[in-house]
Amino acid sequence: MAELVAATSWADVAAQQHEAKRSILNFFATALGSAHDPAVTIAMRTLSPFSGAATSAVIGRTDRLDAMSAAFVNAISANLLDFDDTHPETIIHPAAPVAAPAFALAEARELPGRDVLTAFILGVEVECRIGNAVSPHHYARGWHITSTCGIFGAAAACAKLLGLSADGIANAIGIAASQSAGNVENLPTAAKNVSVGNAARNGLFAALLAQQGYEAAPRAIEGPLGWARAMGDDPDLERLLGSLGRTWEISKNTYKPYPAGIVFHAVIDACFALRSRIGRIDQIEAVIVQGSALLLARGDRPVRNERDARVSIHHCVACSLLIGAAGVSEFARETVFRPDIAKFREKVRAELDGSMPDGAAHVSIRLASGETVAETVTSPRGSLADPLGDRDIEAKLRDGVRTGGSNWDAERIIEAVWQLDACDDIPSLMQRLHHEGSTPLIKQ
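Residues numbered from 1 in each chain as written. Predicted model: local features only at pLDDT ≥ 70, side-chain atom pairs only at ≥ 80, totals over all residues. Heavy atoms only, no water.

## As for the sheet that holds strand 4 (residues 348–352)
Here is step 1: The strand order across the open sheet built from four strands is 4-3-5-6, with neighbouring strands paired in mixed fashion. The sheet terminates laterally at strand 4 and strand 6 (372–377), the two strands that pair on one side only. When strand polarity is set aside, the average angle formed by the axes of neighbouring strands in this sheet is 20°.
Here is step 2: Bridge count for strand 3 (residues 284–291) against strand 5 (residues 361–367) is six bridges, and the pairing is antiparallel. Among the inter-strand pairings, Val-289 is bridged to a residue of strand 5, identified as Val-363.
Here is step 3: Here helix 14 (residues 265–277) sits on the sheet and contacts strand 3, strand 5 and strand 6; the angle it forms with strand 6, its principal contact strand, is near 140°.
Here is step 4: Running over the sheet, helix 17 (residues 313–322) touches strand 3, strand 4 and strand 5 and is turned about 130° from strand 3. (Pairing = 2+ DSSP bridges. Helix = DSSP H or I, 4+ residues; strand = E, 2+ residues; numbered from the N terminus. Axes fitted to C-alpha atoms, helices over the stretch in contact; angles between N-to-C directions. Contact = heavy atoms within 4.5 Å.)

Spelled out as structure tokens, the structure:
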């Protein structure tokens with residue numbers, strides 16, 4: 001894998017640039033939407049006293065941090081709303097752990113946009129192929145795969161940006177194997193985002209260590225006591241290496257229309273379809289949602305806060321049917337604790353249907369009249385079968401600027417990302433993205 005990263009040039013990946021730009025646009029959209037979230041502010045206040053030279057932007061704010069701290073904070077903000085991109089075969093969210101350190105490092109080292117795009121595509125390739133090799137058992141054991149595999153993508157991308165040799169890149173990936181962490185139990189809390197932030201920061205750290213001559217075991221991933229076996233089972237080397245350099249995982253990426261776990265999107269779409277068929281929502285007596293074991297494992301839970309709501313079958317049904325929307329505000333605290341929403345969640349029951357694939361849902365509604373109406377969705381909006389268009393992702397970014405309370409300029413960001421391959425240096429690009437006249441929260 002290190003040889004692939006070292007040998008690949010822009011010409012080899014230029015055909016993947018449009019999808020990479022879509023992913024980066026979505027990365028900015030989600031980070032902007034969380035720019036002033038308390039979790040982001042707390043992380044900045046915690047890191048700022050220990051930060052080195054403030055070389056790199058905190059997305060959506062005027063504050064700047066050193067590259068490693070900026071990578072941590074921007075990966076957190078991009079992942080906070082459960083609105084980031086998704087690689088369907090692994091459920092890895094590729095951009096947050098890779099784009100965050102790539103941009104932070106490129107800004108610190110004054111690198112061009114084409115280098116960032118090349119490194120980003122390669123980082124996504126590494127994280128998703130390693131994810132493929134250990135899926136689905138790795139995630140099923142409780143490892144949060146975006147964090148545990150994202151660090152490998154971060155290390156590979158940053159090692160590429162640093163111009164390391166194949167041996168140096170292999171060492172960076174091996175050093176990352178010693179830092180890979182993150183568990184599924186923490187998903188309903190901000191601790192999930194800490195592991196995504198660590199994947200970004202520690203991947204950059206691994207690359208910087210390798211640049212200085214740090215070494216790692218040659219088989220740190222696939223060896224008998226390596227990362228794959230320690231955190232799961234024997235890796236599937238065919239899924240890791242098959243068609244390497246000829247097919248690209250970035251081409252399989254998908255983008256969410258709703259800020260909720262990907263497995264709930266079919267539930268939301270089914271409810272939207274049913275809402276249009278039902279005359280009066282107050283006639284609904286009960287809702288049954290049927291789906292795979294993964295859907296129930298992720299979403300059949302009580303809702304105690306807004307994080308729970310983003311991974312709740314019951315809340316997705318309630319906001320989709322009662323409000324007819326499932327945007328950022330529908331998963332915000334004010335909506336989650338609305339009495340009518342909370343009461344409606346009690347009408348929802350989840351049932352296992354082992355015949356349904358992951359990501360699909362069957363929703364049936366019993367009305368006061370005794371009538372039952374039902375809808376099945378197997379390919380929800382945003383999936384590979386029904387993807388979001390470029391304009392949809394642009395609209396998502398504009399919404400992110402507005403809902404996140406950012407002073408950054410949405411139109412400048414959109415234009416900059418689409419033209420990223422023509423950008424001569426990332427620092428000047430990042431400087432142009434926000435409006436003048438605002439002051440940072442953290443004094444440098």
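## What about the packing of aromatic side chains?
Any two aromatic rings considered together are summarised by their centre-to-centre distance and by the angle between their planes.
Here is step 1: What the rule picks out here adds up to four aromatic pairs.
Here is step 2: The interplanar angle of 85° and the centroid separation of 5.0 Å between the aromatic rings of Phe-152 and Trp-227 together place this pair among those described as edge-to-face. Of this pair, Phe-152 sits in helix 9 (residues 145–161) while Trp-227 sits in helix 12 (residues 227–230), and the two are 75 residues apart along the sequence.
Here is step 3: Overall, Phe-152 belongs to the buried group, its relative accessible area being 0%.
Here is step 4: Geometrically, the ring pair formed by Tyr-258 and Phe-272 is edge-to-face, given 5.9 Å between the ring centres and 75° between the ring planes. (Phe/Tyr/Trp six-rings, centres within 6.5 Å; stacked < 30°, edge-to-face > 60°. Buried < 20%, exposed > 50% of the residue type's maximum accessible area, 1.4 Å probe, protein only.)

## Notes on the nonpolar core
Here is step 1: The biggest cluster of nonpolar side chains holds 110 residues, and the ones touching the most others in it are Phe-28, Phe-152, Trp-227 and Leu-397.
Here is step 2: Of all the elements, helix 7 (residues 113–134) adds the most residues to this core, at twelve residues.
Here is step 3: In this structure, Phe-28 is in contact with Ile-59, Phe-103, Leu-397, Trp-408, Ile-413, Val-417, Met-430 and Leu-433, ignoring residues within four places of it in sequence.
Here is step 4: Ranked by size, the runner-up nonpolar core spans 39 residues in total, among them Ala-260, Ile-284, Ala-318 and Val-348. (Core = buried A, V, L, I, M, F, W, Y, C linked by side-chain atoms within 4.5 Å.)

## Overview of the packing of helix 10 (residues 166–177) against helix 11 (residues 191–211)
Here is step 1: It is the contact of helix 10 with helix 11, at a shortest axis distance of 8 Å, that shows an interaxial angle of 135°. Considering their axes alone, helix 10 and helix 11 lie oblique with respect to each other. Helix-helix and strand crossings are classified by hand; for helix 10 and helix 11 the assignment is right-handed. Across from Gly-168, Asn-171, Ala-172, Ile-175 and Ala-176 in helix 10, the residues of helix 11 making contact are Ala-206, Ala-207, Leu-209 and Ala-210.
Here is step 2: Grouping the amino acids of the contact of helix 10 with helix 11 by side-chain chemistry returns seven nonpolar, two polar and no charged. (Parallel < 35°, antiparallel > 145°, perpendicular 65-115°, else oblique. Left-handed = near helix turned anticlockwise from the far one by under 90°. Nonpolar A, V, L, I, M, F, W, Y, C, P; charged D, E, K, R; others polar.)

## Digging into the environment of Leu-162
Here is step 1: Looking at the secondary structure, you find Leu-162 in the loop between helix 9 and helix 10.
Here is step 2: Overall, the relative accessible area of 14% leaves Leu-162 in the buried class.
Here is step 3: Taking the C-alpha atoms as reference, Leu-162 lies 22 Å from Val-417; in sequence the two are 255 residues apart.
Here is step 4: Apart from residues no more than four positions distant in its own chain, Leu-162 is found in contact with Leu-105, Arg-109, Ala-207, Leu-208 and Gln-211.

## Focus: the pattern of salt bridges
Here is step 1: A complete count under the given rule lists 25 salt bridges for this structure.
Here is step 2: The partner of Asp-390 in a salt bridge is Arg-22, and the shortest N-O contact between them spans 2.8 Å. Placement of the pair is Asp-390 in helix 20 (residues 390–403) and Arg-22 in helix 3 (residues 17–33), with a sequence separation of 368 residues. Assigned by exposure class, Asp-390 and Arg-22 land together as buried.
Here is step 3: The residue Lys-252 makes a salt bridge to Glu-89 at a minimum N-O spacing of 3.3 Å. Linking Lys-252 in the loop between helix 13 (237–241) and helix 14 with Glu-89 in the loop between helix 5 (67–79) and helix 6 (95–109), this pair joins segments that are 163 residues apart in sequence. (Salt bridge = Lys/Arg side-chain N within 4 Å of Asp/Glu carboxyl O.)

## Observations regarding the confidence of the model for the protein
Interpreting fine coordinate detail is not advised for predicted regions of low pLDDT.
Here is step 1: Here the protein averages 94 in pLDDT, and 98% of its residues register 70 or above.
Here is step 2: For residues 437–444, every residue scores under 50 in pLDDT, and the model assigns this stretch 15 contacts once sequence neighbours within four places are set aside. (pLDDT = per-residue confidence, 0-100.)

## Quick notes on helix 11
Here is step 1: Its 21 residues give helix 11 an end-to-end C-alpha distance of 30 Å, which sits within 8% of 30 Å, the value for a rise of 1.5 Å per residue.
Here is step 2: Where helix 11 terminates, the next one or two residues include Gly-213, which has phi positive at roughly 105°. (Expected span 1.5 Å × (residues − 1).)

## Concerning the packing of helix 9 against helix 11
Geometry of a packed helix pair, given as the angle between the helix axes and the separation of the axes.
Here is step 1: At a minimum axis separation of 7 Å, helix 9 and helix 11 run at an interaxial angle of 30°. In terms of orientation, helix 9 and helix 11 fall into the roughly parallel class. Crossing angle aside, the handedness with which helix 9 passes helix 11 is right-handed. Contacts between helix 9 and helix 11 involve Thr-146, Ser-147, Gly-150, Ile-151, Ala-154, Ala-155, Cys-158 and Ala-159 from the former and Lys-192, Ser-195, Val-196, Ala-199, Ala-200, Asn-202, Gly-203, Leu-204, Ala-206 and Ala-207 from the latter.
Here is step 2: A breakdown of the residues in the contact of helix 9 with helix 11 according to their chemical character gives eleven nonpolar, six polar and one charged.

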